[in-house]
Structure formats: C-alpha cells, structure tokens
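Structural overview for review
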Amino acid sequence: MIPQYIVDFDLSQLPIVETDVLVIGSGIAGLYTAIRASKHNQVLMITKKSLLESNTRYAQGGIAAVIAEDDSPAYHLQDTLVAGAGLCRREAVEALVNEGPDGVQELIRLGTLFDVENGELALTQEGAHSHRRILHANGDATGYEIVRALAAQASAHSGIEVWDEHFVIDLITDHGECVGALVQKSDGTKVFVKARATVLCSGGAGQLYRYTTNPEVATADGVAMAYRAGAVIRDMEFIQFHPTSLCYPGAPRFLVSEAVRGEGAFLRNIKGERFMERYHPQLELAPRDIVARAIVSEMEMTNSTFVYLDITHESAELIKHRFPTIYETCMRYGLDMTTDWIPVAPAAHYMMGGVKTDLNGESSIGRLFACGEVSSTGVHGANRLASNSLSEAIVFGHRIVERIQTLPPLNSIQIVSQLPPHSVGNRTWEEQQPISERRLRLQKMMVRQVGLRRNGAGLQGALDKLESEMDIFNYLLTHKEEMEYANLLTCAWLVTSGALHRQESRGAHYREDFPLRDDAAWQKHSLQQREQAIVEELMS
C-alpha cells in the first residue's frame, strides 16, 4: 500500500554528490553528530529549513544529567525505568545515565553556556525525577542555547557542508544497505547524495496533531523514509502529550515548561481548585502521561477547554529570572505570570517510538543510523522522562560516530549501474484536493481518535480514513508540502495501527476499552516493517 519510493527517478540521469557521512536534520542530534563525525570524515548536513529550526530550538526545560553530589546514575536509571512503564531497554538507559554527564561537559567545551549559580552549574527538578539534575540555559531557553553553540561550530568547520532549504525525499538502498538519499533542491531539481553512512536526525512528528508544541518542520519525514526503505519501526503507538501548553485565544500552543511545576507551580481547575492529589501522590510532578490525562479529566468535569497553571505564590523576581522566555511570551498576550494564572491544556509533544536501533544507533538497514527523536534506542520506553531527550541525542550521537569509523568504504562505481530506474508506472498529474485541507483534516482526526484517550472503534475508524487517503501515492508529488503530507500520512498510519494492536494501557498509550496495564500479555514491543504485519518483540 505504501510504496518504497514516493517519486519516480533514474539515478543514472541525476547529478551525484559523494560524501563520507550524510546527516539529515539539524537539531542537537544532527549538529552534535556532524561535529563529532567531521573529525575524521567529510560531512554533508541537509536541513529542509535552516540550522536553527528544529524541535531542539524550542526545548525549554533543559538536559538531564547527573551532576550533583547527592545524585547518582543509579537514581537517574531508576527514574527513567519507572517513567518508561516497563518498556525501556536497560542497557540503553545505562548508556544514557553513565555517558550523559561527559556529553554535557563536551557541550560546554563546544560553547554552550548553561546557567550558573554560586559558581556551580544550576540544576532544577522536573516531573518524575527524584533529584535536581536538569541543567538549563538563559532560564528557559536551553534548546536555543545548545543549537546556537553547535550551529556556530558546524558553520565554521571546514569538514561540514550545510545545505539549507533542501528536502530529502527518500533513502536509496542497495543489497540491504543504505547508500545515500534522493534530495530535492530549493529550485525543484533532484540530486543523488551517495554516502558511506547516512544518519537520520530529522526529529519528530508533532504535526500529526492539530495542537502541538512542535514547529512546522516536525512532519515525521525520517520515520516515513526509513519505513519505506524497509527499516524496522518500533513502538509508534507511544506519543507523549505535554500537559501544559498555553491555551489562550490568539496565542500559539506555546510550551510552558515542566520546569515551571518543578519550581513549585500548582495546577488548578477553572473553579480554582488544586486537583492533582486526586490522581497521583507526586502531585504536579507526576509523570507526564498521568498529568495530561488528569488535566483532560478536570476539563471534562468542569466543561472547560483548559486548566490553570499558578506560580503567583513565587516571587516575581524568581519567575522573571528563571522563565524569561515564557514570561515574555505570556506578556505578549496580556498574561502576567507573576499575578495571573496561565490557561494551559495538553498538546502533542514527543514521539517515543521511531526507527529501531541497536546500542550504536544503527538501524536494521546497514549504514543507516538514527539519532534523537526519530530513533527508538530503548531509552524512553512507553513514556519519556522529562529532559532525557537532549541527553540521548549526545550519548547516541557519540556512539554512532564510533560505529561509522568501522564501516568499510562503498564501491564507488557499481551503485548507480546496479540500481534500475524506479517508476511505479501509474503516477498522474490529476487535480487533487488542496494538500493544506487534507493535512488539517488528518490533524483534527488524530486529535479526536488517536490522541490522549483512545478506543478500538475510534482507532479502527481512523485507520479506515487514513487508508482511504493513500491515493496520494498515485500522484506525481513535486512540492515539499505534498511530500510532507505523504510522510505524515505514513506516520499516522503507523501510530494508529500500532495503537489498535496494543490492547492495554501503558505509559503514553491509553485505551479506554483496555484501561489497565497488562504485563503478562503486553510487556513487549510492537515492530512494523513495510509489507509485513505487526510483529511483537519480547523485552530483551
């Protein structure tokens, strides 16, 4: 149903660019991996917008790493395993908690300026963390500061070439290995980039949903490309909804960091009542999935579209110093965090599943790697622990580069001659419904039927609607927006079919018709591969 390639092409008729390492994406995963790889390789980094535009840029809370003397990797390990609801790969989490602190020190050496208090790195606490281990920058602009520092390094490095405003259409494979990618330039022409190693760092899939904290570029491109290429995709049913995004007329669904609750903010329903004590002993610092569903329950009981986040009991000085970006954004819409309760509601935030990798970040396809949100390393399980995502990117980016150094070179002649022209033979220029309308319809359906609360009937209905949209693959796709929609449709189908398959509730996946976690039957992963039925993988 979903083809291997979404456009027709003949590699022998296309320009060829050769590089050692192709990095697709420019968030922390892409930038850090490119910088490390450039020590011994020529690197080509491709981003469909610009170096500074990625999910990382909008990460407010920070990066989790064991720094404090009263903390330890064992505590961080336990917190991550608990949040992951039984689906974390222990070896991957051990790599994260033990190697993350060194990665943070390398970020500092590369120019990242984390906040300092009394001469030491400032640390805060977030939901489901047992200790203060979250480093932050400029109060609540951690992601932007990391991207700023890394982008400056990448731009100045002679071993890194950057292609802005280019769109990677599909991965090219030969005899079970990835040999590069088909790329569309900003002028619409295509080029084949041949690489000894290809690293997907393309981020997540927030644009699957009408309400998301993610930027416009988060259209699931990497997962969709890897799936079409034949890679194994794992645990796509687990989509994390951030509990607190700004919900105010005229304002975007701006992320209000979990760190606000970490610094003492309360959640109140529209009656002004605190309510988290009815849902979890950790109150406002419970795991994200629990807080998000609690908020939805309160909204339903009070017939409201939001709840309030209240930090007015803290000093105005602390609020402005610790959360300058959030404070200024709220002020732009007439909301003063120091005196007003802030209306918030859940929004799609993070994709726990993705391209299945080993502990070196390598996918089931040789020479194809995945790093960051596009990957499924086993760190996050069924529910990501706050601020572990940035740590994961640097830990596994390092591991990927170490593995790349062991790869033999590609045959420089055979690839183009061996791969025949690709054509499905029936793609047409037929007039379509505007892509913007199709995309909005998909996003609204995903919110209603594949969102925070799911059930079998809704999921089956969504799956039927998604399959009726598959005619997109019969058209000649020429514009980036059309290809992004094809990727969103692919990813939506993966998420929905995975959610329908998993008949239990676990972590970020909640089924109203199967409300209990069932370890006996479902403590296992869901694997999806093109032209195969979903298979289950027992925990290793």
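In this text the structure is predicted, and so the values were computed from the model without any measurement.

For the rest of this paragraph, the subject is the overall build of the chain. Counting its regular elements, the chain contains 15 helices and 21 strands. Taken against the 2.2 N^0.38 rule, which gives 24 Å for 540 residues, the C-alpha radius of gyration of the chain at 22 Å falls within 12% of a compact globule. Once the C-alpha set of the chain is aligned to its principal axes, its extents read approximately 70 × 55 × 50 Å. Residues counted as buried form 63% of the 540 residues belonging to the chain. Side chains of the chain carry 50 positive and 68 negative charges; the gap between the two charge centres is 2 Å.

Another aspect to go through is the nonpolar core. Counting 77 residues, the largest nonpolar core has L171, L200, L208, Y209, M446, C491 and V495 as its most contacted members. Ranked by residue count, the leading element in this core is helix α14 (residues 480–501), at 11 residues. The contact partners of L208, leaving out residues within four places of it in the chain, are L442, Q443, M446, L488, C491, A492 and V495. In this structure, V21, A29, I35 and V43 belong to the second largest nonpolar core, which totals 39 residues.

With that settled, the discussion passes to the layout of surface pockets. Considered as a void within the structure, the second largest pocket measures approximately 420 Å³ in volume. Lining the second largest pocket are 19 residues, with Y211, V296, M299, P346 and V447 positioned closest to its centre. Breaking the lining of the second largest pocket down by element, the ones donating at least two residues are α7 (288–301), β16 (342–351) and α12 (435–449). Tallying contributions element by element places β16 first for the lining of the second largest pocket, with 4 residues. Across the lining of the second largest pocket, the residue classes break down as 11 nonpolar, 3 polar and 5 charged.

This part covers the pairing of β16. Among the 10 residues in β16, 10 count as buried, and that is most of the element. Examined bridge by bridge, strand β13 (residues 239–246) and β16 share 6 bridges and lie antiparallel to one another. Note that in β16 the partner of S245 across the bridge is A345. Summarising the sheet, strand β15 (residues 307–310) and β16 pair through 3 bridges and their orientation is antiparallel. Opposite V307, over in β16, you have V344 as the bridge partner.

Positive phi values are uncommon outside glycine, yet A220 reaches one of about 65 degrees. The phi dihedral of N303 is positive, around 55 degrees, even though this residue is not glycine. Note that N303 resides in the loop between α7 and β15.

Residues R210, K444, R448 and K465 make up a contiguous surface patch of positive charge. With respect to the helices, strands and loops of the structure, R210 is situated in the loop between β11 (190–200) and α5 (221–229).

Further remarks concern the environment of A457. Relative to the elements of secondary structure, A457 occurs in helix α13 (residues 456–468). Taking relative accessible area as the criterion, A457 reaches 64% and is therefore assigned exposed. Spatially, the C-alpha atoms of A457 and R438 are 22 Å apart, while their sequence positions differ by 19 residues.

Conventions adopted
- Residues numbered from 1 in each chain as written.
- Predicted model: local features only at pLDDT ≥ 70, side-chain atom pairs only at ≥ 80, totals over all residues.
- Heavy atoms only, no water.
- Helix = DSSP H or I, 4+ residues; strand = E, 2+ residues; numbered from the N terminus.
- Rg over C-alpha atoms; globule rule 2.2 N^0.38 Å.
- Buried < 20%, exposed > 50% of the residue type's maximum accessible area, 1.4 Å probe, protein only.
- Lys, Arg positive; Asp, Glu negative; His and termini not counted.
- Charge placed at Lys NZ, Arg CZ, Asp CG, Glu CD.
- Core = buried A, V, L, I, M, F, W, Y, C linked by side-chain atoms within 4.5 Å.
- Contact = heavy atoms within 4.5 Å.
- 1 Å grid on protein atoms, 1.4 Å probe; cavity = no way out; pocket = protein on both sides within 12 Å on 5 of 7 lines; lining within 4 Å.
- Points joined across faces, edges and corners; volume = space filled by probe spheres on them.
- Nonpolar A, V, L, I, M, F, W, Y, C, P; charged D, E, K, R; others polar.
- Pairing = 2+ DSSP bridges.
- Patch = residues over 30% accessible without salt bridge, like charges linked within 9 Å, V, L, I, M, F, W, Y side chains within 5 Å.
- Areas by Shrake-Rupley, 256 points an atom, 1.4 Å probe, with all protein chains shown as cover.
- Salt bridge = Lys/Arg side-chain N within 4 Å of Asp/Glu carboxyl O.

Note that every value here comes from positions in space, so none of it alone points to a role or purpose.
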